[in-house]
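What follows is the residue order along each chain.
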Amino acid sequence: MTYIYKWPMAAPCSAILIYTRSGSELTLLTTHRAPAVGVGRCLSAGGFYEVKDMFNTAGKMQDGRAETYREMVEELGEEINTIIPYEVFVGRVRHLWDGMVTSDDPAIIYNGTFRTLEVSAAEMAAIMALPPTEEQIGKTLEIFQIDSSTDDELIARRLADFKYGHEVEAAKMWYAQMVRAPG
């Protein structure tokens, strides 16, 4: 008999915070979602893992970095492959946080993994020049000063229009990490 869990399993997903750092200034890339995937501003890219690819592959481990990269390509465009090839991405991407995330629908829980990727000013400019995609209709840069007196409320106010509150929480974690380890 198949085991049935008492509670539904959380859907695996991932998001990435793409940023540049110059002296005491941090610039975070945010995107505006297309109507087909839910209007609102979000972190640089993110979404659900392609779990269907894991069926019938017993004993295989899924590399979540590949899923995060796939989401970057889907949301920012195929041209991201030439700006930041996968091999470069794997060498530079960093883990920020992972855990359970609730949604507006109390019946849905996500198992989210948040990653960060520092890019050069030239790479950020190239990303900003990419055209809209089916999932993303615009990009905005948020500039923050690295200052230990900046609190979570300032970050929350600057990102108040975000579609998902947990992405604002991830941005707060990212900022706190940058303040603790500048340069």
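Just above, that's the structure.
Here is what the cut-offs are and how they apply
- Residues numbered from 1 in each chain as written.
- Predicted model: local features only at pLDDT ≥ 70, side-chain atom pairs only at ≥ 80, totals over all residues.
- Heavy atoms only, no water.
- Phe/Tyr/Trp six-rings, centres within 6.5 Å; stacked < 30°, edge-to-face > 60°.
- Helix = DSSP H or I, 4+ residues; strand = E, 2+ residues; numbered from the N terminus.
- Buried < 20%, exposed > 50% of the residue type's maximum accessible area, 1.4 Å probe, protein only.
- Salt bridge = Lys/Arg side-chain N within 4 Å of Asp/Glu carboxyl O.

Enquirer: Even after reading the chapter, I still don't get the packing of aromatic side chains, so can you show me in this structure?
Expert: Remark: the centre distance and the inter-plane angle together describe each pair of aromatic rings, the angle taken between the planes. According to the stated counting rule, one finds 8 aromatic pairs in the structure shown. Aromatic side chains phenylalanine 48 and tyrosine 110 sit 5.3 Å apart centroid to centroid with 50 degrees between the ring planes, which places their arrangement in the tilted category. In this pair, phenylalanine 48 sits in strand β4 (residues 45-48) while tyrosine 110 sits in strand β6 (residues 109-118), placing the two residues 62 residues apart along the sequence. When its relative accessible area of 43% is taken as the criterion, phenylalanine 48 is described as partly exposed. Relative to phenylalanine 89, the ring of tyrosine 69 lies with its centre 5.1 Å away and its plane at 55 degrees, an arrangement referred to as tilted. With tyrosine 69 in helix α1 (residues 64-76) and phenylalanine 89 in helix α3 (residues 86-92), this residue pair connects regions lying 20 residues apart in the sequence.

Enquirer: Explain the pattern of salt bridges here, please?
Expert: Any two side chains of opposite charge can pair, on the condition that their charged atoms come close. Counting across every chain of the model gives 11 salt bridges. One salt bridge in this structure joins aspartate 63 and arginine 65, with 3.0 Å as the shortest N-O distance. Judged by relative accessible area, aspartate 63 falls into the partly exposed class, the value being 29%. Its relative accessible area of 30% is what places arginine 65 among the partly exposed residues. Note that lysine 172 is salt-bridged to glutamate 169, the shortest N-O span being 3.0 Å. Taken together, the residues span about one helical turn, with lysine 172 and glutamate 169 both in helix α6 (residues 165-180) at a distance of 3 residues. Under the relative-accessibility criterion, lysine 172 is labelled buried at 12%. Glutamate 169 sits in the partly exposed class, given a relative accessible area of 39%. Salt bridges sharing partners connect three or more residues here, namely Glu50, Glu67, Arg70, Glu71 and Glu74.

Remember that the coordinates give geometry; whether it matters functionally is a separate question.
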